[in-house]
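The primary structure of each chain is shown beneath.
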Amino acid sequence: MSRRLVNLTLDTLEDLPRPCRGCVYWELDPVSAERACATGDPGLEKEAWVSQTLLEWGSCGKLAYVDGMPAGFVMFAPPAYVPRSMAFPTSPVSADAALLMTAHVVAAFAGGGLGRMLVQGVARDLTKRGVKAIEAFGDAKFGEAGEGEEGCVAPVDFFLSVGFKTVRPHPRYPRLRLELRTALSWKSDVEYALEKLLGSMSPETLLRPVRPVTATTSTEG
């Protein structure tokens, strides 16, 4: 079974689950999102948001593929790019953190560690950009009957299972935080350090042949 992560782009956007592809819960403020769903094309609004965020800030999502099949995704951005982030009772997101907007693993692939793989991919990406932490709003009542939960807000249990800690409690929407220095495994840290080391070397340095060692003889007297 092969697993790989790719960045969210306008091309890979089409591999999001159909309901998520046309959802603008996070990308627009509540009033604009409702208007887009009622009178516009939310799919185009989402595409426009992804395009603008890619141009102005950079990568804002990761997709996981298992044997070539889309199996899960996460989306993330600075809170300034996410109007919905101010609509929660535990807002605002900390100034030194990016917001993990949503996380989803296809049911057929659940329980295989894809959620942790996606979060670690985000952590590596954001660490390279100097971001200190990831924060998220979790749904403490996800899946409970009669709660009318928004599927766009991932369950608190998911965030706790991949290392997040609660920083602002709430009976429904606590805010959670993951320090990036704790999000990366030892192996990932070593890979990142090696990548930085190699990136600091010039091609001439990397390709310069090693000077052979001249043999010396010693005499015993």
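Residues numbered from 1 in each chain as written. Predicted model: local features only at pLDDT ≥ 70, side-chain atom pairs only at ≥ 80, totals over all residues. Heavy atoms only, no water.

- For the protein chain, the name recorded in an unreviewed UniProt entry is N-acetyltransferase domain-containing protein, with Couchioplanes caeruleus as its organism.

## Focus: the pattern of salt bridges
- Inspection of the entire model under this criterion finds 11 salt bridges.
- Notably, a salt bridge pairs R172 with D139, separated by 2.6 Å at the nearest N-O pair. Here the residue R172 occupies a position in the loop between β6 (165-168) and β7 (175-179), and D139 occupies one in the loop between β5 (133-137) and α5 (156-161), the gap between them amounting to 33 residues.
- Each of D96, E135, R175, R177, E179 and R181 takes part in one network of salt bridges that share partners. (Salt bridge = Lys/Arg side-chain N within 4 Å of Asp/Glu carboxyl O. Helix = DSSP H or I, 4+ residues; strand = E, 2+ residues; numbered from the N terminus.)

## Comments concerning unusual backbone geometry
- Between S91 and the following residue, P92, the backbone shows a cis peptide bond with an omega angle of 5°.
- Inspection of the secondary structure puts P92 in the loop between β3 (69-77) and β4 (97-105).
- With phi around 50°, D67 is a residue other than glycine that occupies positive phi space.
- Along the polypeptide, D67 turns up in the loop between β2 (61-66) and β3.

## Considering the nonpolar core
- Among the nonpolar cores identified, the biggest contains 28 residues, and L100, V119, L126, I134, F158, F159 and F164 are the most heavily contacted of them.
- Broken down by secondary-structure element, the contributors of at least two residues to this core are β2, β3, β4, α4 (114-128), β5, α5, β7 and α6 (180-183).
- The greatest single-element share of this core, amounting to seven residues, is contributed by α4.
- The residues contacting F159, other than those within four sequence positions of it, are L100, A136, F137, G138, A154, F164 and L176. (Core = buried A, V, L, I, M, F, W, Y, C linked by side-chain atoms within 4.5 Å. Buried < 20%, exposed > 50% of the residue type's maximum accessible area, 1.4 Å probe, protein only. Contact = heavy atoms within 4.5 Å.)

## Here's the deal with the side chain of T90
- Counting through the fold element by element, T90 comes out in the loop between β3 and β4.
- Among the residues examined, T90 registers a relative accessible area of 1% and is labelled buried.
- Only 2.7 Å separates the side chain of T90 from the backbone oxygen of Y173, close enough to count as a polar contact.
- Ignoring sequence-local partners within four residues, the contact set of T90 consists of F137, R168, P169, H170, Y173, P174 and R175. (Polar contact = N/O pair within 3.5 Å; in protein donor to acceptor, adjacent residues only side chain to side chain.)

## Side note on the UniProt feature "transmembrane region" (unreviewed entry) in the protein chain
- Residues given the UniProt feature "transmembrane region" (unreviewed entry) here are residues 97-119.
- Across residues 97-119, the secondary structure splits into 26% helix and 39% strand, with the terminal C-alpha atoms separated by 14 Å. (UniProt positions renumbered as here; feature names shortened; annotations may be inferred.)

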